[in-house]
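Spelled out, the chains give:
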Amino acid sequence: MSIGSGIALFVIGAILVFAVNVDVPWVNLDMVGYILMGAGVIIFLIGIVLLARRRRTESVSRTYVDPATGEPTTRRSVSSSGDDTL
């Protein structure tokens, strides 16, 4: 969601800077556009970093028969996306 918000802010800022030619005496629309574009880039980059850092968890359950006793044994393990051990 933050990636889409960053893109939207950047696009709105670009429209204000490059497409709107209205002179408003109490606000500089070009500066507002540049600020929105900068905020959009920052929010987009934060969204990318948070997406890359998200950890995914995988749960594995294995059942096998112990050859020594003949009894079924269940082994459960949980691992994260960056963890290679099960």
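It should be noted that the structure appears before, not after, this text.
Overview of the structure.

Rules used throughout
- Residues numbered from 1 in each chain as written.
- Predicted model: local features only at pLDDT ≥ 70, side-chain atom pairs only at ≥ 80, totals over all residues.
- Heavy atoms only, no water.
- Helix = DSSP H or I, 4+ residues; strand = E, 2+ residues; numbered from the N terminus.
- Rg over C-alpha atoms; globule rule 2.2 N^0.38 Å.
- Buried < 20%, exposed > 50% of the residue type's maximum accessible area, 1.4 Å probe, protein only.
- Areas by Shrake-Rupley, 256 points an atom, 1.4 Å probe, with all protein chains shown as cover.
- Lys, Arg positive; Asp, Glu negative; His and termini not counted.
- Charge placed at Lys NZ, Arg CZ, Asp CG, Glu CD.
- Contact = heavy atoms within 4.5 Å.
- Pairing = 2+ DSSP bridges.
- Expected span 1.5 Å × (residues − 1).
- Polar contact = N/O pair within 3.5 Å; in protein donor to acceptor, adjacent residues only side chain to side chain.

A tally of helices and strands in the chain yields two helices and two strands. When the helices and strands of the chain are listed from N to C terminus, the series reads α-α-β-β. Its C-alpha atoms give the chain a radius of gyration of 26 Å, more than 25% over the compact-globule value 12 Å for 86 residues. Dimensions of the chain, computed from C-alpha atoms along their principal axes, come out at roughly 85 × 15 × 15 Å. Per-residue burial for the chain yields a buried fraction of 15% across its 86 residues. By element, 63% of the accessible surface of the chain is carried by carbon and sulfur atoms, the whole surface being about 6,800 Å². A gap of 6 Å separates the mean positions of the 7 positive and 7 negative side-chain charges of the chain.

So, about the environment of Ile43. Within the secondary structure layout, Ile43 lies in helix 2 (residues 29-53). Its relative accessible area of 29% is what places Ile43 among the partly exposed residues. Ignoring anything within four residues of it in the chain, the contact list for Ile43 reads Ser2, Ser5, Gly6 and Leu9.

Before going further, it helps to spend a moment on the pairing of strand 2 (residues 72-80). It is a general feature of regular strands that their side chains alternate between the two faces of the sheet. Judged from the nine bridges that link them, strand 1 (residues 57-65) and strand 2 form a sheet pairing that is antiparallel. Each residue of the ladder has a partner; that of Ser59, found in strand 2, is Val78. The antiparallel hairpin formed by strand 1 and strand 2 contains six residues in its connecting segment, where Gly70 sits at a positive phi of about 80 degrees.

This part covers helix 2. The first and last C-alpha atoms of helix 2 sit 36 Å apart over 25 residues, in line with the 36 Å expected at 1.5 Å per residue. All buried positions along helix 2 are accounted for by Leu29, Gly33, Met37, Gly40 and Gly47. Where helix 2 is buried, its residues meet helix 1 (2-19). Backbone nitrogen of Asp30 and a side-chain oxygen of the N-cap are separated by 3.2 Å at the start of helix 2; the cap is Asn28.

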